[in-house]
Amino acid sequence: MLRVGETRELLELTAELAASFLEGLDERRVLPPVDVGELRAALARPLPDDPCDPRDVIAALAADADPGLAAMPGGRWFGFVIGGAVPAALAADWLTSTWDQNAGLFAPTPAAAVVEEVAGEWLRDLFGLPEGVSFGFVTGCQMAHFTALAAARAHVLRDAGWDLAADGLYGAPRIRVVVGAKRHATVDRALRFLGLGAPEVLAADDQGRLSVEALAAALEGHRGPLIACAQAGEVNTGAFDDLEAVAAIAKRAGAWLHVDGAFGLWAAAAPARRHLVRGVELADSWATDAHKWLNVPYDSGIVFCAHPDSHRAAMGIQAEYLVHTEGADREPLDFNPEFSRRARGFPVYAALRSLGRSGVADLVERCCAHAAAVAEGISLLPGAELVNEVVLNQVLLRFEDDERTQAVLARVQAGGEAWLSGTTWDGRAAIRVSVSNWQTSERDVERLVGAFRAAVGGAVPA
Ligand SMILES: *Cc1c(COP(=O)(O)O)cnc(C)c1O
């Protein structure tokens, strides 16, 4: 066992390794070709019989893992919707691990609970959600959907005279769930976890926005338990549903309206983009991520709910040995599906405090400006076609045909200058660019466009 003084040495060694990794991000091949056999050979040792010095373990882990690590937290990662870690969030995340507080209950760790209260309120304010909404710090948007839709499920059944907690789903009135054709797959997965089956899929337009006409037609004259899911930020195009119109139709039909705002909800924090989420405050629940656009390390998602009692009724838990603080405003575990868990509020709090309101707005605007520059730079290349309206941080592109699109993408990926992924849009291959990292610079955008220029010309960049 290490003594306390030696723990300091270990942490200093670790800080050194961490700083070196971060400093190398700018020049690293973004997703290097890796010999998985070699990676396994280095890491897949027999489980040691005896203890090893942790300093050796950490040094070896860093060295052995390195070839299989992507420059995912860096400015040239444009794949999926990722984001890195602003320095304050990374540092607070280290402290979160060091403090190792189990954040489920208020009494044993009031600091974690209070910081979550503050960070939750700051986020509510940034997003322009109604005062008094409840929130939970979950692993990511997937679990934010799960939590929100669990609250929705019990709430709409209660309105239909059914006690879900007591009687379960067997024999319950059927809950109708409507979604747009381009909702994120995690919505379906949350519905599956909740035993609600596959949703009713309504038409979306060419940008992926839920068709308001289709929604109005589908809900015309509807009676009974109903959940509608809308989206702020389609994962390929960044498009926003017309939340104001969707909310009006959903309310008229008595629906619970849930909004997937994994990254798009952050548009609300940038005054010049706020119009994109007009009407968002009319929903009943919202799901978003801090580990994407706020640039907080994984895992960090947040759920908000306009019906705190339903939220607590769906998630709350009591047990004899748990100390529920008398008069505490908020027992964290009453709003989360987890029991024991990480104190996720600390990095979110640190990120928000270090950026401030204007820093969050700048982060969003800067990424959007880079996305517009990427769209312009690549669409000028021979054969390139811009597929989406670039309203946010997402760019969707394609070339003459699927084969050509895939070939260009493969060349860019292999080049190591940037990494991004493909998708299928309207039945055709496309290339997605997501600008979600606080570090992405104009230079990174030039490097990405340069990689495409080289790939279109046929040469593999060095
Ligand atoms: C990423 C994403 C999700 C899922 O979020 P996780 O944090 O990965 O669970 C849901 N919806 C949208 C639109 C997303 O972009």
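Residues numbered from 1 in each chain as written. Predicted model: local features only at pLDDT ≥ 70, side-chain atom pairs only at ≥ 80, totals over all residues. Heavy atoms only, no water.

Overview of the overall build of the chain
The cut-off we apply is this: Numbering of helices and strands starts at the N terminus; helices are DSSP runs of H or I of at least 4 residues and strands are runs of E of at least 2. In this description the radius of gyration comes from C-alpha coordinates, and the expected globular size is given by 2.2 Å times residues to the power 0.38. Only heavy atoms matter for contacts: two residues are in contact if any of them lie within 4.5 Å across the pair. All accessible-area figures derive from a Shrake-Rupley calculation using a 1.4 Å probe, and residue coverage is judged against the displayed protein chains alone. Within this scheme the basic residues Lys and Arg register as positive and the acidic residues Asp and Glu register as negative, but His and the chain ends are omitted. Where a charge sits is defined by one atom per residue type, namely NZ (Lys), CZ (Arg), CG (Asp) or CD (Glu).
Looking only at helices and strands, the chain has 14 helices and 11 strands in total. In terms of overall size, the chain behaves like a compact globule, its C-alpha atoms giving a radius of gyration of 23 Å where 462 residues would be expected to give roughly 23 Å. For the chain, the spread of C-alpha atoms along the principal axes amounts to about 65 × 65 × 45 Å. When contacts within the chain are restricted to residue pairs at least 6 apart in sequence, those whose partners lie at least 24 apart make up 73%. Summing over all exposed atoms, the chain offers an accessible surface of approximately 20,500 Å²; the carbon and sulfur share of this is 55%. A gap of 3 Å separates the mean positions of the 41 positive and 61 negative side-chain charges of the chain.

Some remarks on the site of the ligand
Stated precisely, the cut-off is as follows: The rule for a residue being near a molecule or strand is that one of its heavy atoms must lie within 4 Å of it. Polar contacts, as used here, are pairs of N or O atoms within 3.5 Å; protein pairs need one atom able to donate a hydrogen and one able to accept it. Residues neighboring in sequence count only if both atoms are side-chain atoms. Under the grouping applied here, Gly and all other residues not named as nonpolar or charged are polar, the nonpolar ones being Ala, Val, Leu, Ile, Met, Phe, Trp, Tyr, Cys and Pro and the charged ones Asp, Glu, Lys and Arg.
The immediate surroundings of the ligand are formed by 14 residues, with Gln142, Asp260, Asp289, His291 and Lys292 found nearest. One nitrogen or oxygen atom from the side chain of Asp260 is found 2.7 Å from a nitrogen atom belonging to the ligand. A total of 380 Å² of accessible area belongs to the ligand in isolation, and the protein chains cover 85% of it. If one sorts the elements of the shell around the ligand by residue count, helix H6 (residues 141-159) sits on top with 3 residues. Here the shell around the ligand is built from residues that sort into 4 nonpolar, 7 polar and 3 charged.

Overview of unusual backbone geometry
The linkage connecting Tyr298 with the following residue, Asp299, adopts the cis geometry, with an omega of -5°. Along the chain, the position of Asp299 falls in the loop between strand E6 (285-289) and strand E7 (301-305). Non-glycine residue Phe80 carries a positive phi angle of around 45°. Mapped onto the secondary structure, Phe80 falls in the loop between helix H3 (54-65) and helix H4 (87-99). Although it is not a glycine, Asp426 adopts a positive phi angle of roughly 50°. Secondary-structure assignment places Asp426 in the loop between strand E10 (421-425) and strand E11 (428-434).

Structural notes on the side chain of Thr237
Structurally, the position occupied by Thr237 is in the loop between strand E4 (226-231) and helix H10 (243-252). Setting aside chain neighbours within four positions, we find Thr237 in contact with Gln207, Asn388, Glu389, Gln394, Leu396 and Trp425.

Focus: the packing of helix H9 (residues 212-219) against H10
Packed helices, taken two at a time, are described by the angle their axes make and the gap between the axes. Where we set the bar: In this description, a line fitted to the C-alpha atoms serves as the axis of each element, helices being fitted only across the stretch in contact, and the angle between N-to-C directions of two axes falls anywhere from 0 to 180 degrees. We call two directions roughly parallel when the angle between them is under 35 degrees, roughly antiparallel when it is over 145, roughly perpendicular when it lies between 65 and 115, and oblique otherwise.
At a minimum axis separation of 10 Å, H9 and H10 run at an interaxial angle of 0°. When the axes of H9 and H10 are compared, the pair comes out roughly parallel. Between H9 and H10, the contacting residues are Val212, Leu215, Ala216 and Leu219 on the first element and Ala245, Val246, Ile249 and Ala250 on the second. Residues that form the contact of H9 with H10 fall into these classes: 8 nonpolar, no polar and no charged.

Focus on the pairing of strand E1 (residues 134-138)
Each regular strand carries side chains that alternate between the two faces of the sheet. Quick note on the threshold: Only protein chains enter the accessibility calculation, which uses a 1.4 Å probe; a residue whose area is less than 20% of its type maximum is buried, one above 50% is exposed, and one in between is partly exposed. For two strands to count as paired, DSSP must find a minimum of two bridges between them.
Of all 5 residues in E1, 5 are buried, a share of seventy percent or more. When E1 meets E7, the two strands line up antiparallel, connected through 5 bridges. Along E7, the bridge assignment pairs Phe137 with Ile302.

Regarding the packing of H4 against helix H12 (residues 345-379)
Heads up, the condition is: For any helix crossing, the convention is left-handed if the near helix is rotated counterclockwise from the far helix by under a right angle, and right-handed if that rotation is clockwise.
Orientation of H4 relative to H12, taken along the N-to-C sense of each, is 155°, at an axis distance of 8 Å. Between H4 and H12, the angle falls in the class roughly antiparallel. The interaxial crossing formed by H4 with H12 has right-handed handedness. Only Phe346, Pro347, Ala350, Ala351 and Ser354 of H12 make contact with H4, whose side of the interface consists of Ala88, Ala89, Ala92, Asp93, Thr96 and Trp99. Class assignment for the residues of the contact of H4 with H12 results in 8 nonpolar, 2 polar and 1 charged.

Looking at the domain arrangement of the chain
The line we're drawing: A domain assignment, automatic or from a database, supplies the domain bounds used here.
Segmenting the chain into domains produces domain 1 (4-30 + 33-68) and domain 2 (91-351). Each of domain 1 and domain 2 has a C-alpha centre, and the two are 37 Å apart.

Remarks on the layout of surface pockets
Under the convention used in this document: Definitions used for this entry: grid spacing 1 Å over protein atoms alone; cavity, a set of points where a 1.4 Å probe fits but cannot get out; pocket, an open set with protein on both sides within 12 Å along at least 5 of 7 lines; lining residue, one with an atom within 4 Å of a point. Grid points are joined across faces, edges and corners, and a volume is the space filled by probe spheres set on the points.
When its volume is computed, the largest pocket comes out at roughly 1,100 Å³. Every element with two or more residues in the lining of the largest pocket is listed here: helix H1 (4-24), H3 and H4. Taken together, the residues of the lining of the largest pocket break down into 26 nonpolar, 7 polar and 2 charged. Domain assignment of the residues forming the lining of the largest pocket places at least three in each of domain 1 (4-30 + 33-68) and domain 2 (91-351).

So, the pattern of salt bridges
Definition in use: What counts as a salt bridge is simple: a side-chain nitrogen of Lys or Arg found within 4 Å of a carboxyl oxygen of Asp or Glu.
Per the stated rule, a full pass over the model turns up 26 salt bridges. Between Arg183 and Asp188 there is a salt bridge whose closest N-O contact spans 2.6 Å. Note on Arg183: relative accessible area 23%, which makes it partly exposed. Overall, the relative accessible area of 22% leaves Asp188 in the partly exposed class. Between Lys251 and Asp284 there is a salt bridge whose closest N-O contact spans 3.6 Å. Within this pair, whereas Lys251 is found in helix H10, its partner Asp284 is found in the loop between strand E5 (256-260) and E6, the two being separated by 33 residues in sequence. Taking relative accessible area as the criterion, Lys251 reaches 41% and is therefore assigned partly exposed. It is possible to trace a salt-bridge network through shared partners that takes in Glu27, Arg76, Glu417 and Arg447.

What to know about the environment of Asp444
Here Asp444 shows up in helix H14 (residues 442-457). For Asp444, a relative accessible area of 4% gives the class buried. Expressed as a C-alpha distance, the spacing of Asp444 and Gly221, which sit 223 residues apart in the sequence, is 52 Å.

Let's talk about the side chain of Asn236
The residue Asn236 is located in the loop between E4 and H10 in this model. Note on Asn236: relative accessible area 7%, which makes it buried. Here Thr423 takes part through its side chain, which lies 3.3 Å from a polar atom of the side chain of Asn236. Engagement of the side chain of Asn236 in a polar contact is seen with the side chain of Arg432, the distance being 3.0 Å. When near neighbours in sequence (up to four residues on either side) are disregarded, Asn236 contacts Asn388, Gln394, Val395, Leu396, Thr423, Trp425 and Arg432.

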